[in-house]
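# Observations on the three-dimensional arrangement
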Amino acid sequence: METTQEAKAACAPERKKENRLLTIFTVMFKMGCVTFGGGWGIIAQMQEEFVDRRGWIEEEDLIDFLSLGRSFPGIMIINTSVIFGYTVAGFWGAVLAAFGLSLPALISIAVVTYFYSAIKSNVIVARALSGVRCAVIPIILGAALRLREKSLTGKSSYVLAAIALFVCTFTKVNKILVVLGGAVFGLLALAVKRGGRHG
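The rules behind these values
Residues numbered from 1 in each chain as written. Predicted model: local features only at pLDDT ≥ 70, side-chain atom pairs only at ≥ 80, totals over all residues. Heavy atoms only, no water. Helix = DSSP H or I, 4+ residues; strand = E, 2+ residues; numbered from the N terminus. Buried < 20%, exposed > 50% of the residue type's maximum accessible area, 1.4 Å probe, protein only. Phe/Tyr/Trp six-rings, centres within 6.5 Å; stacked < 30°, edge-to-face > 60°. Lys NZ or Arg CZ within 6 Å of the ring centre and 35° of its normal. pLDDT = per-residue confidence, 0-100. Axes fitted to C-alpha atoms, helices over the stretch in contact; angles between N-to-C directions. Parallel < 35°, antiparallel > 145°, perpendicular 65-115°, else oblique. Left-handed = near helix turned anticlockwise from the far one by under 90°. Contact = heavy atoms within 4.5 Å. Nonpolar A, V, L, I, M, F, W, Y, C, P; charged D, E, K, R; others polar. 1 Å grid on protein atoms, 1.4 Å probe; cavity = no way out; pocket = protein on both sides within 12 Å on 5 of 7 lines; lining within 4 Å. Points joined across faces, edges and corners; volume = space filled by probe spheres on them. Salt bridge = Lys/Arg side-chain N within 4 Å of Asp/Glu carboxyl O.

### Some thoughts on the side chain of Ser-81
On the secondary structure map, Ser-81 appears in helix α4 (residues 76–114). You can call Ser-81 buried: its relative accessible area is 0%.

### Some details on the packing of aromatic side chains
Centre distance and the angle of the planes are the two values used to describe a pair of aromatic rings. Tallied over the entire structure, the rule returns six aromatic pairs. On the numbers, 6.1 Å between centres and 25° between planes, the contact of Phe-25 with Phe-29 is stacked. Of this pair, Phe-25 and Phe-29 both sit in helix α1 (residues 2–34), four residues apart, which is roughly one turn of that helix. What links up through ring pairs into an aromatic cluster is the set Phe-25, Phe-29 and Phe-99. Over the face of the ring belonging to Trp-56 we find Arg-20, whose NZ or CZ atom lies 4.1 Å from the ring centre.

### Topic: the confidence of the model for the protein chain
Residues at a pLDDT of 70 or more form 86% of the protein chain, whose mean pLDDT is 81. For the protein chain, the element scoring lowest by mean pLDDT is helix α5 (residues 116–119), at 72; α4 scores highest, at 92.

### Comments concerning the packing of helix α3 (residues 59–71) against α4
Between α3 and α4, whose axes approach to 8 Å, the crossing angle comes to 130°. Looking at the two axes, α3 sits oblique to α4. For the pair α3 and α4, the sense of crossing is right-handed. Residues Phe-65, Leu-66, Leu-68, Gly-69 and Arg-70 of α3 pack against Met-76, Asn-79, Thr-80, Ile-83, Phe-84 and Thr-87 of α4. Along the lines of polarity and charge, the residues of the contact of α3 with α4 split into six nonpolar, four polar and one charged.

### Some words on the side chain of Thr-80
Note on placement: Thr-80 falls in helix α4. A relative accessible area of 0% means that Thr-80 is categorised as buried.

### Quick word on the layout of surface pockets
It is a probe the size of a water molecule, rolled over the atoms, that shows where empty space is left. Of the pockets and cavities examined, the largest pocket occupies roughly 1700 Å³. Ile-63, Ser-67, Ser-151, Leu-152 and Ala-161 are the residues nearest the centre of the largest pocket, which is lined by 38 residues in total. For the lining of the largest pocket, the secondary-structure elements that each account for two or more residues are α3, α6 (123–151), α7 (155–170) and α8 (175–198). Among the elements that line the lining of the largest pocket, the one with the most residues is α7, at 10 residues. Residue classes in the lining of the largest pocket are distributed as 23 nonpolar, nine polar and six charged.

### Side note on the pattern of salt bridges
For the structure shown, the criterion picks out three salt bridges. Linking Glu-49 and Arg-53 is a salt bridge whose minimum nitrogen-to-oxygen distance equals 3.4 Å. Here Arg-53 and Glu-49 lie together in helix α2 (residues 39–53), a separation of four residues that amounts to about one turn. Here Glu-49 falls in the buried class, since its relative accessible area comes to 4%. Among the residues examined, Arg-53 registers a relative accessible area of 58% and is labelled exposed. Among the salt bridges present, the one from Glu-49 reaches Arg-54, with a minimum N-O distance of 2.6 Å. The partly exposed category is assigned to Arg-54, whose relative accessible area is 27%.

Put into structure tokens, the structure is as follows:
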């Protein structure tokens, strides 16, 4: 009897990991199916699913994942999903998160490419996509407002955000340079803060 209980106890962490991997794939696949508007719309869904609902990560973690995802070459949301998956479930978590998120797009693109000549001038399709684009804006703004509480923690943060918004909107400066500039600003702010304490 004790041997059976010990065996069950030993298998429990493995089953938990398998369940988590399955959850990562199915949830990311669902988000890939129903979320429009690119990476920012998906970030809003990740916040709802993995921060608010399941509590697997904190809002600060999601912000960090997003910052890292934007800093590396490639597609921001895929980078972010890989970092998230690896953090919560290791190597296979990273693989399944990226694959689950990408699979709906791959299927959709394959279908659209096959029928492209028939739908490229379809008025109904054009109107539907126009409506989707309008609906995406509130989703993105909602995610930005919710992440604001953890990202903008002082007056200097608001100033930096305003500068970054201006640079991204009205100049052609590479976004990677904007991210790196924010990192440099954060390090300088930390150095000033520590210098003030020692002084």
